[in-house]
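# Structure at a glance
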Number of protein chains: 2
Amino acid sequence: MFSLGSNLRKVIPALGVGAVMAFTAGNAAADDGFYDQYADRFEPLPALPPIPADNSLTKEKIELGKMLFFEPRISSSGVISCATCHNPALGWADRIPRAVGHEGQVGERNTPTVLNSGFLESQFWDGREPDLEGQALGPIEDDIEMAMDLDDALDRLEAFDEYQDAFSAAYPGEDAPITADNVAKALATFQRTLNTPNSPFDRYLRGDLDALTDKQKRGMAAFVDNGCIACHRGPALTDSQFHSIQVPGSTDKGRYLITGDEADKYAFRTPTLRNVAVTYPYFNNGGVETLEEATQVMGREMLNREFDDETVAELVAFMESMTGEMPDFQVPALP
Amino acid sequence: MFSLGSNLRKVIPALGVGAVMAFTAGNAAADDGFYDQYADRFEPLPALPPIPADNSLTKEKIELGKMLFFEPRISSSGVISCATCHNPALGWADRIPRAVGHEGQVGERNTPTVLNSGFLESQFWDGREPDLEGQALGPIEDDIEMAMDLDDALDRLEAFDEYQDAFSAAYPGEDAPITADNVAKALATFQRTLNTPNSPFDRYLRGDLDALTDKQKRGMAAFVDNGCIACHRGPALTDSQFHSIQVPGSTDKGRYLITGDEADKYAFRTPTLRNVAVTYPYFNNGGVETLEEATQVMGREMLNREFDDETVAELVAFMESMTGEMPDFQVPALP
């Protein structure tokens with residue numbers, strides 16, 4: 001009954017990131033015709049992403065980062081915060097095709113969710129920043145997003161005793177802790193807590209064979225067998241690599257605009273599939289509304305395949321199993 | 001030691017709205033030199049405001065109303081919800097002088113908090129709507145707020161199975177419950193739950209003589225003795241009446257624009273003082289940043305008095321005691 005792989009997993013109980021631990025209790029011992037063949041191609045989501053050595057995860061930094069994330073007064077209009085586009089009510093994204101920012105200006109790209117973004121190896125659609133610290137200040141300063149001068153933003157924060165206290169608590173020992181770097185570090189720290197563990201997909205990988213429906217399991221098999229997994233792999237279901245793609249309605253040159261390298265023309269970082277069912281619309285321009293259509297586009301564009309309707313339905317059902325538990329948080333009371 | 005008033009309050013333990021219940025335990029039996037003279041001029045905040053006979057408060061309507069309150073897709077841009085200006089992180093208001101709405105347009109007036117708004121006898125600065133049901137749809141349709149055609153908003157809601165279910169649950173027995181009226185009723189119902197009980201001021205009124213500092217008690221005395229209480233009275237500390245006032249920088253004709261009545265020129269409804277310390281800036285145009293300055297302006301404009309610095313500090317300390325417990329809520333997960 002047991003493949004070598006399954007037995008190996010049972011004697012290596014916890015290898016941390018990347019290890020698949022099979023439960024020995026319950027029905028995990030019985031193969032469902034899929035688990036032994038497919039489960040070890042995937043990785044469940046760890047509780048936390050990697051934490052950089054120079055930005056430790058502390059309670060005080062999380063709290064400060066949460067305040068800053070919901071703080072509209074670091075935008076020039078005073079009404080746009082990170083949470084405006086990364087809206088917790090909307091899968092921490094905005095569910096419109098392209099982001100709307102300062103004075104109603106519409107950007108070129110779809111807002112990516114911040115959920116599980118700490119698991120990505122680069123940030124922004126074009127990967128122009130290596131980490132969340134590098135990403136955090138971009139939208140504050142961008143003319144069509146929050147349109148704020150960073151020094152003015154720091155001045156506004158400085159004016160509140162509560163922010164002086166919160167920065168001092170988050171960065172003990174620093175004489176003047178209200179700096180752009182520390183804003184970025186706090187925002188990155190808060191975002192590293194916005195993870196969505198325990199999706200049906202994760203519970204299945206951990207050995208609960210009832211966590212997926214048969215249709216979802218067939219979708220999992222199709223996902224592997226058709227090669228989707230070549231790029232959508234690892235805990236966040238992305239290889240963090242850049243691939244050229246032209247989706248309906250997009251002329252965006254993507255990573256080429258950063259590197260000037262012909263090979264990067266129309267290339268974007270593989271998006272995470274975690275919570276993909278609740279982070280519509282899809283692609284760099286948000287040009288596709290449904291997961292069904294997005295799946296067909298990906299089949300054609302990346303795999304040169306025309307999925308039949310049944311396969312699309314199974315793949316979509318499988319991706320729906322990747323919706324995890326949303327972060328438990330309270331909106332902070334700002335000063 | 002005991003006035004007749006205090007004894008009467010002790011033998012009438014709970015009269016509901018408007019009744020002041022004195023604790024018999026602890027130090028309530030001892031007069032602090034203020035309680036007997038001043039406490040019965042005020043009313044603690046009841047747990048809930050009056051509920052209209054034709055819009056009962058149900059769990060299902062609260063849940064639906066909460067979804068709608070956080071729903072940006074009932075704005076034409078898809079990014080402005082009620083919670084954009086009535087931001088729970090900012091005292092359910094916006095803490096900027098005048099509201100910023102569709103495409104960055106700036107309105108004429110300061111955003112009032114929705115906290116305790118169910119206790120008001122009319123809505124909007126000019127009182128043009130009698131209740132929250134009447135108020136709810138205004139900002140959705142207003143060209144400079146959410147700028148949305150109401151029928152289009154209903155169409156967008158109709159497109160979601162989750163809203164069809166939520167409306168059916170909130171309005172059982174109705175064949176086509178997704179109507180403008182029902183949107184208004186649900187929003188009003190949710191807002192009636194956004195109350196801030198148990199402020200130090202309320203705890204004091206209920207007999208906890210230590211809930212206010214001595215400075216705050218002197219402020220309470222000044223508030224009564226100087227006549228602030230003439231207009232700022234009742235559970236929400238407003239008479240819900242209209243008074244002419246011209247605050248710095250404002251040329252807004254107020255209620256006159258609604259009634260055409262000369263007597264209403266520059267008249268606005270007395271704002272609530274509940275949570276006034278966290279709902280700055282002040283007045284119809286948000287033209288005054290601090291509670292100290294607002295207090296001085298009110299002394300001059302409404303009472304023809306020049307408060308000395310000590311009195312201002314005491315009045316401000318007293319008003320700071322009116323900050324209650326913020327509503328406990330979770331941001332809804334929208335479809």
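Residues numbered from 1 in each chain as written. Chains lettered and ligands numbered in written order. Predicted model: local features only at pLDDT ≥ 70, side-chain atom pairs only at ≥ 80, totals over all residues. Heavy atoms only, no water.

### A short note on the packing of aromatic side chains
Evaluation of the coordinates by the stated rule reveals 34 aromatic pairs over all chains. Plain terms: the ring middles of Trp 92 of chain B and Phe 190 of chain B are 6.3 Å apart, the flat faces sit at 55° to each other, and that makes the pair tilted. Separated by 98 residues along the polypeptide, Trp 92 of chain B in the loop between helix H4 (82-85) and helix H5 (132-136) and Phe 190 of chain B in helix H9 (residues 180-191) bring together distant segments of the chain. When sorted by exposure, Trp 92 of chain B lands in the same class as Phe 190 of chain B, which is buried. The residue whose ring lies beneath Lys 265 of chain A is Tyr 256 of chain A, and the NZ or CZ to ring-centre distance is 4.9 Å. (Phe/Tyr/Trp six-rings, centres within 6.5 Å; stacked < 30°, edge-to-face > 60°. Helix = DSSP H or I, 4+ residues; strand = E, 2+ residues; numbered from the N terminus. Buried < 20%, exposed > 50% of the residue type's maximum accessible area, 1.4 Å probe, protein only. Lys NZ or Arg CZ within 6 Å of the ring centre and 35° of its normal.)

### Regarding empty space enclosed by the protein
Tallied over the entire structure, the rule returns 6 cavities of 30 Å³ or more. Counting only elements with at least two residues in the lining of the largest cavity, the list comes to helix H4 (82-85) of chain A together with H4 of chain B. Taken together, the residues that form the lining of the largest cavity break down as 13 nonpolar, 6 polar and no charged. Estimated volume of the second largest cavity: approximately 190 Å³. What lines the second largest cavity is a set of 17 residues, among which Ile 80 and Gly 101 of chain A together with Val 79, Ile 80 and Gly 101 of chain B lie closest to the centre. In terms of residue class, the lining of the second largest cavity is built from 6 nonpolar, 9 polar and 2 charged. (1 Å grid on protein atoms, 1.4 Å probe; cavity = no way out; pocket = protein on both sides within 12 Å on 5 of 7 lines; lining within 4 Å. Points joined across faces, edges and corners; volume = space filled by probe spheres on them. Nonpolar A, V, L, I, M, F, W, Y, C, P; charged D, E, K, R; others polar.)

### Some words on the interface of chain B and chain A
The interface is formed by 24 residues belonging to chain B together with 25 residues belonging to chain A. The junction of chain B with chain A conceals about 1900 Å² of combined surface from both sides, 60% of it contributed by carbon and sulfur atoms. It is Val 79, Ala 89 and Val 331 of chain B that lose the most area in chain B upon contact with chain A, and together they represent 24% of the buried surface on that side. Remark: the boundary between chain B and chain A carries 0 salt bridges. Where chain B touches chain A, the interface holds 10 residue pairs in polar contact (both at pLDDT 80 or more). Class assignment for the residues of the side of chain B that touches chain A results in 15 nonpolar, 5 polar and 4 charged. (Contact = heavy atoms within 4.5 Å. Buried area = accessible area lost by both parts, 1.4 Å probe. Salt bridge = Lys/Arg side-chain N within 4 Å of Asp/Glu carboxyl O. Polar contact = N/O pair within 3.5 Å; in protein donor to acceptor, adjacent residues only side chain to side chain.)

### Topic: the environment of Asp 151 of chain A
All names here are of chain A. The topology assignment puts Asp 151 in helix H7 (residues 150-158). Judged by its relative accessible area of 53%, Asp 151 falls in the exposed class. Residues Asp 151 and Ile 74, spaced 77 residues apart in sequence, show a C-alpha to C-alpha distance of 9.9 Å.

### Some thoughts on the state of the cysteines
Residue and element names in this part refer to chain A. Inspection of every chain in the model, using the stated rule, returns 0 disulfides over all chains. With no disulfide of its own, Cys 82 has Cys 85 as its nearest cysteine by sulfur position, at a separation of 9.3 Å. Cys 231 takes part in no disulfide bond, and the closest cysteine sulfur to it belongs to Cys 228, at a distance of 9.3 Å. (Disulfide = S-S within 2.5 Å.)

### Brief notes about a negative patch on the surface
A contiguous patch of negative charge, built from Glu 141, Asp 149, Asp 151, Asp 152, Asp 155 and Glu 158 of chain A, is present on the exposed surface. With 4 residues, H7 of chain A is the single largest residue contributor to the negative patch. (Patch = residues over 30% accessible without salt bridge, like charges linked within 9 Å, V, L, I, M, F, W, Y side chains within 5 Å. Areas by Shrake-Rupley, 256 points an atom, 1.4 Å probe, with all protein chains shown as cover. Lys, Arg positive; Asp, Glu negative; His and termini not counted. Charge placed at Lys NZ, Arg CZ, Asp CG, Glu CD.)

### Observations regarding helix H8 (residues 161-170) of chain A
Residue and element names in this part refer to chain A. Along H8, the residues that are buried comprise Tyr 163, Ala 166, Phe 167 and Ala 170. Projection of H8 onto a plane perpendicular to its axis shows the buried side chains occupying an angular sector of 95°, all on one side. For H8, the exposed residues set more than 90 degrees away from the buried face come down to Asp 161 and Asp 165. On the buried face of H8, the contacting elements are helix H3 (59-69), H7 and helix H9 (180-191). (Arc of directions from axis to C-beta.)

### Here we look at helix H13 (residues 291-303) of chain A
The α-helix winds at 3.6 residues per turn, so residues separated by three or four positions along the chain end up facing the same way. Buried within H13 of chain A are the following residues: Leu 291, Ala 294, Thr 295, Val 297 and Gly 299 of chain A. At the exit of H13 of chain A stands Asn 304 of chain A, carrying a positive phi of roughly 55°.

### Points about the pattern of salt bridges
Residues and elements named next belong to chain B. Counted according to the given criterion, the structure contains 22 salt bridges over all chains. The salt bridge involving Asp 264 is made with Arg 255; its shortest N-O contact spans 3.9 Å. As far as the burial class goes, Asp 264 and Arg 255 line up, both buried. A salt bridge links Glu 262 to Lys 265, with the shortest nitrogen-to-oxygen separation between them at 3.4 Å. You can call Glu 262 exposed: its relative accessible area is 52%.

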